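Tertiary structure, described
So you can see what is in the structure, the chains are spelled out below.
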Amino acid sequence: MPSPNLRTFQNTIDAYKTKLAEQSAQIQDPKALDELRHQFLSRKRGYVTILLEELKTFAPEEKPTAGQLVNALKNEIQERLEALEARLKAPAKPKREIDLTLPGEKRYRGVPHPIRLFQREIEDIFLSMGFSVEDGPEIETDYYNFEALNFPPHHPARDDWDTLYITDKLLLRTHTSPVQIRVMEKQKPPIRIVLPGKVFRRDVPDPTHLPMFFQLEGLVVDEGITFAHLKGTLEFFLKRLFGDKIKIRFRPSFFPFTEPSAEVDIECLACGAKDPECRICGGTGWKEILGSGMVDPQVFKNVNIDPEKYSGWAFGLGIDRTAMFAYGISDMRYFFENDLRFIRQFDLK
Ligand code: DAH
């Protein structure tokens, strides 16, 4: 049986524990915490010090039990003070209500635009033939867009290439052909390059026209280059793109920067050359996809390449228009309406 002295001692300790629990629930700031520490642990008048002094009053056989009770209290006080200190130091957390019944947020992965995918497909075919890829500015000078390409001021051929002028001499380029000049100014033959990019014209949108579209220019310059190289390369390219059975025709045409010039048509893949009212080919069964020709000697002179020594051929392909046929799309405008249901279908890989 514990002595009455030990029982009273135990009760006092329990009372301190209750007091500790009640007071620590009230602590909101470091000052109150210090007061609490002082009250319980102060060397002079703290509760623990007083209890330790009382140990002297116990008979030797009860001293260890009483000592353990004081130690247990001391540990509990220290743990509580540490926890309170940590709580006061922690930054206040903003309250965030999470409603677990709401549906999750779905993130969509981006995909390259179909025109970009198709442009890469074309570039890959030319890269496999030893061409390299370059580009040039979308805002061009009158000199590169027209004059160096043999369109003198007021030449009637300029009418077909009307565009937005930024100043009298700066304009949104109407074709990728000016990049031919920029490349030939800094690079001497042999040249074998393709030049993709955005171009602008005063065209009214319809299924096969847009005021902004993409072209891919090609240029080959070397000694002994003939029209046969032009024809062979373009035929190879179009067969790789559309398959061996594709019908192609070369039609004589005019461009100020090539002589002779030809436009290349492919059979209308929209109607299979069967619909006399087809909105794509207008019932002709053919659709023009590129212009081409042998580089005019005057263009070579403009960039200081000797036309007696070198010859070359060039072409400019409408990427969007060709993509329409490759993907079986009936209207070029779909490409730029930004309807994600349309765009996402082209994430082929
Ligand atoms: N630049 C011409 C156009 O936009 C296309 C073209 C024709 C490009 C003949 C060429 C070429 O390089 O040789 O209609």
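The rules behind the values
Residues numbered from 1 in each chain as written. Predicted model: local features only at pLDDT ≥ 70, side-chain atom pairs only at ≥ 80, totals over all residues. Heavy atoms only, no water. Helix = DSSP H or I, 4+ residues; strand = E, 2+ residues; numbered from the N terminus. Rg over C-alpha atoms; globule rule 2.2 N^0.38 Å. Buried < 20%, exposed > 50% of the residue type's maximum accessible area, 1.4 Å probe, protein only. Contact = heavy atoms within 4.5 Å. Near = heavy atom within 4 Å. Polar contact = N/O pair within 3.5 Å; in protein donor to acceptor, adjacent residues only side chain to side chain. Areas by Shrake-Rupley, 256 points an atom, 1.4 Å probe, with all protein chains shown as cover. Nonpolar A, V, L, I, M, F, W, Y, C, P; charged D, E, K, R; others polar. Salt bridge = Lys/Arg side-chain N within 4 Å of Asp/Glu carboxyl O. Disulfide = S-S within 2.5 Å. Axes fitted to C-alpha atoms, helices over the stretch in contact; angles between N-to-C directions. Parallel < 35°, antiparallel > 145°, perpendicular 65-115°, else oblique. Left-handed = near helix turned anticlockwise from the far one by under 90°. Domains from an automatic or database assignment.

All right, on to the overall build of the protein then. Helix and strand content of the protein: 11 helices and nine strands. Computed over the C-alpha atoms, the radius of gyration of the protein is 43 Å, more than 25% above the 20 Å expected from 2.2 N^0.38 for a compact globule of 349 residues. Its C-alpha atoms give the protein principal-axis dimensions of about 125 × 50 × 40 Å. Sorting the 349 residues of the protein into buried and exposed places 42% on the buried side. Considering only contacts in the protein between residues 6 or more positions apart, those separated by 24 or more positions represent 67%.

Here we come to the site of the ligand. Around the ligand, the structure places 16 residues, and the nearest of them are H175, S177, Q180, R201 and E217. Between H175 and the ligand, the recorded distance is 2.9 Å, taken from a side-chain N or O atom to a nitrogen atom. In this structure, A314 approaches the ligand through a main-chain N or O atom, which is 3.2 Å from an oxygen atom. Isolated, the ligand exposes 350 Å² of accessible area, and the fraction of that covered by the protein chains is 94%. Class assignment of the residues belonging to the shell around the ligand gives a composition of five nonpolar, nine polar and two charged.

Looking now at the pattern of salt bridges. Should the charged atoms of two oppositely charged side chains come close, the side chains can pair. In this structure the tally under the stated criterion is 16 salt bridges. The closest approach of N and O atoms between K186 and E134, which form a salt bridge, is 3.4 Å. Pair noted here: K186 is in helix α7 (residues 178–186) and E134 is in the loop between β1 (132–133) and β2 (139–141), with a separation of 52 residues, a long-range link. Since its relative accessible area comes to 61%, K186 is described here as exposed. E134 sits in the partly exposed class, given a relative accessible area of 24%. Close ionic contact of E235 with K231 constitutes a salt bridge, the shortest N to O distance being 3.8 Å. With E235 and K231 both in helix α8 (residues 227–242) and four residues apart, the pair spans about one turn of that helix. Overall, the relative accessible area of 36% leaves K231 in the partly exposed class.

Our focus in this paragraph is the state of the cysteines. Per the stated rule, a full pass over the model turns up zero disulfides. There is no disulfide at C271, and the cysteine sulfur nearest it, in C281, is 3.8 Å away. With no disulfide of its own, C278 has C281 as its nearest cysteine by sulfur position, at a separation of 3.8 Å. Given a relative accessible area of 6%, C278 falls into the buried group.

With that settled, consider the packing of helix α5 (residues 114–128) against α8. Put simply, α5 and α8 touch, their axes get as near as 10 Å, and they point 135 degrees apart. The angle between the axes of α5 and α8 places the two elements in the oblique class. Helix-helix and strand crossings are classified by hand; for α5 and α8 the assignment is right-handed. Between α5 and α8, the residues in contact are F118, E121, I122, I125, F126 and S128 and T233, F236, F237, R240 and L241, respectively.

Accessible area lost on assembly of the parts is the figure often given for the size of an interface. As far as domains go, the protein holds domain 1 (4–89) and domain 2 (114–346). On a C-alpha basis, the centroid separation for the pair domain 1 and domain 2 is 90 Å.

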